[in-house]
Amino acid sequence: GQAYDGDNIGVSGKVDTRRTVETTTVAQAEGAIEGVWSDYMVASPFATAFKYSRFDATEAKPRDVSKLSGKKTPMPATAYSVGASDLPEVV
């Protein structure tokens, strides 16, 4: 997710505060995701295609955080990040 997208900014979206035995969410990460929740629907349980999918991408630009309305938190300069390309090759 956003920890590995390369823009060094965390975005906190809307969250549900109502907690009961059975709850239906209304927040849907509004403010932290591009588009709306329905843009992330897939056709079947193992499908990977949706509006913002990067599943088969060999390269992708970071999301445009200026389009997100959630609270933005920059990553500290001293923080160290690790991505999939930093893992050792498995043979």
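Here, residues in each chain are numbered from 1, in the same order as that chain's written sequence. Predicted model: local features are reported for residues with pLDDT of at least 70 only, side-chain atom pairs are reported and counted for 80 or more only, and whole-chain, interface and lining totals are derived from all residues. To get the side-chain values, all heavy atoms of the structure are used, and hydrogens and water are removed first.

A few points about the overall build of the protein
Inference 1: Tallying secondary structure elements over the protein gives zero helices and two strands in all.
Inference 2: Carbon and sulfur atoms make up 57% of the accessible area of the protein, which amounts to about 7800 Å² in all. Helix and strand assignments come from DSSP, with helices taken as H or I runs of at least 4 residues and strands as E runs of at least 2, each series counted from the N terminus. Accessible areas in this description were obtained via Shrake-Rupley with a 1.4 Å probe; residue shielding takes into account the shown protein chains only.

Focus on the environment of Asp-16
Inference 1: Structurally, Asp-16 is set in the loop between strand 1 (9–12) and strand 2 (71–74).
Inference 2: Sequence spacing of Asp-16 and Val-26 is 10 residues, and the spatial spacing of their C-alpha atoms is 6.6 Å.
Inference 3: Every residue pair with non-hydrogen atoms within 4.5 Å of one another is taken to be in contact. Residues in contact with Asp-16, not counting those within four places in the same chain, are Thr-25, Val-26 and Ala-27.
Inference 4: A distance of 3.1 Å separates a polar side-chain atom of Asp-16 from the backbone nitrogen of Val-26. Under the rule applied, a polar contact is a pair of N or O atoms within 3.5 Å (in protein, one hydrogen donor and one hydrogen acceptor; residues adjacent in sequence only if both atoms are side-chain atoms).

Here we look at the packing of aromatic side chains
Inference 1: Pairing of aromatic rings covers Phe, Tyr and Trp, the last counted by its six-membered ring, and requires centre-to-centre distances within 6.5 Å; plane angles under 30 degrees mean stacked, over 60 mean edge-to-face, and any other angle means tilted. Evaluation of the coordinates by the stated rule reveals two aromatic pairs.
Inference 2: Ring centres of Tyr-40 and Phe-50 lie 5.4 Å apart, and the angle between their planes is 40 degrees; on these two criteria the pair is classed as tilted. One end of the pair, Tyr-40, is in the loop between strand 1 and strand 2; the other, Phe-50, is in the loop between strand 1 and strand 2, with 10 residues separating them in the sequence.
Inference 3: Exposure classes here rest on a 1.4 Å probe applied to the protein chains alone. A residue is buried below 20% of its type maximum, exposed above 50%, and partly exposed in between. The partly exposed category is assigned to Tyr-40, whose relative accessible area is 29%.
Inference 4: On the accessibility criterion, Phe-50 (29% relative accessible area) is partly exposed.
Inference 5: Arranged with centres 5.5 Å apart and planes meeting at 25 degrees, the rings of Tyr-40 and Tyr-52 form a pair that is stacked. With Tyr-40 in the loop between strand 1 and strand 2 and Tyr-52 in the loop between strand 1 and strand 2, this pair connects stretches of sequence that are 12 residues apart.
Inference 6: Each member of the aromatic cluster is reached from another via a ring pair, and the members are Tyr-40, Phe-50 and Tyr-52.

Here's the deal with unusual backbone geometry
Inference 1: Positive phi values are uncommon outside glycine, yet Gln-28 reaches one of about 55 degrees.
Inference 2: Residue placement: Gln-28 occurs in the loop between strand 1 and strand 2.
Inference 3: Positive phi values are uncommon outside glycine, yet Ala-29 reaches one of about 60 degrees.
Inference 4: The residue Ala-29 is located in the loop between strand 1 and strand 2 in this model.
Inference 5: Ala-29 sits in the partly exposed class, given a relative accessible area of 33%.

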